[in-house]
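# Structural overview
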Amino acid sequence: PRWTRYGRIQTEADFICKHCNKLVSSTSFLSGVQNRNHCPYCLWSRHLDLYAAGDRLSACRSLMRPMGLTLKATPKRYGSERGELMLVHVCMECRTISINRIAADDDARTILTILDDSTDLEAEIRAGMCAQGIQALDARDRNVVITQLFGSTTPVRVRIG
């Protein structure tokens, strides 16, 4: 591990996903994120951070299930805001809810499946999200999610061969 300029530890250790057992590369060149703790294939995570992203101070270490998507408002250069697409994870052990940046190599179909499945969120999870100011996206936000993932809602056909 090494320290970033923000005082966080940056890890570049590959790992085996505890949910789907696939090898996950933590190379920021591939993922576009500094601290990877979720699998790009199944999008499950581990409860590693306690106070801030990348602090790796949580003693829990349990699996975190991707339960939904949200948009995190991030300041833009000229004062307006845009929403960054984020995963919402819930710890299967302690029920902590956290949001996690979508990585460049995350599977888009799995992200859309999470959006579709989030319509059946438990009342406890919805309440916990609301208490943290996290607004879950739903089927009405599908075009927003597709635009965030692909840059357009217009289907693009790719010819191979």
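Described in the following lines is the structure provided in the data block. (Residues numbered from 1 in each chain as written. Predicted model: local features only at pLDDT ≥ 70, side-chain atom pairs only at ≥ 80, totals over all residues. Heavy atoms only, no water.)

Glancing now at the overall build of the protein. Summing up its helical and strand segments, the protein has 4 helices and 8 strands in all. Each helix and strand of the protein, placed in order from N terminus to C terminus, yields the pattern β-β-β-β-α-β-β-β-β-α-α-α. By residue count, 39% of the 161 residues in the protein fall in the buried class. Pairs at least 24 apart in sequence give 45% of the contacts found in the protein among residues at least 6 apart. Roughly 10300 Å² of accessible area belongs to the protein as shown, and the carbon and sulfur atoms make up 51% of that amount. (Helix = DSSP H or I, 4+ residues; strand = E, 2+ residues; numbered from the N terminus. Buried < 20%, exposed > 50% of the residue type's maximum accessible area, 1.4 Å probe, protein only. Contact = heavy atoms within 4.5 Å. Areas by Shrake-Rupley, 256 points an atom, 1.4 Å probe, with all protein chains shown as cover.)

Within the fold, histidine 89 resides in strand E7 (residues 81-91). Reaching out from histidine 89, the side chain makes a polar contact with the backbone oxygen of leucine 43 at a distance of 2.7 Å. If we ignore the near neighbours within four places in the chain, the residues touching histidine 89 are His38, Leu43, Trp44, Ser45, Met64, Arg65, Pro66, Thr96, Ile97, Ser98 and Asn100. (Polar contact = N/O pair within 3.5 Å; in protein donor to acceptor, adjacent residues only side chain to side chain.)

Moving on, we get to the nonpolar core. Core analysis: the biggest nonpolar cluster contains 12 residues, these being Leu43, Leu69, Leu85, Leu87, Ile102, Ile111, Leu112, Ile114, Leu115, Leu137, Val145 and Ile146. Considering every element that reaches this core, the biggest residue donor is helix H2 (residues 108-117), with 4 residues. Counting residues in hydrophobic clusters, the runner-up holds 8 residues, among them Val90, Ile97, Ile125 and Ile134. (Core = buried A, V, L, I, M, F, W, Y, C linked by side-chain atoms within 4.5 Å.)

Okay, helix H3 (residues 123-131) next. Ile125, Gly128 and Met129 are the residues of H3 that are buried. Angular distribution of buried residues about the axis of H3 spans 100°; they occupy a single face of the element. Among the exposed residues of H3, those oriented more than 90 degrees off its buried face are Ala123, Cys130 and Ala131. Looking one or two places after H3, you find glycine 133, whose phi comes out positive at around 75°. (Arc of directions from axis to C-beta.)

Shape is all these values report; function is a separate question.
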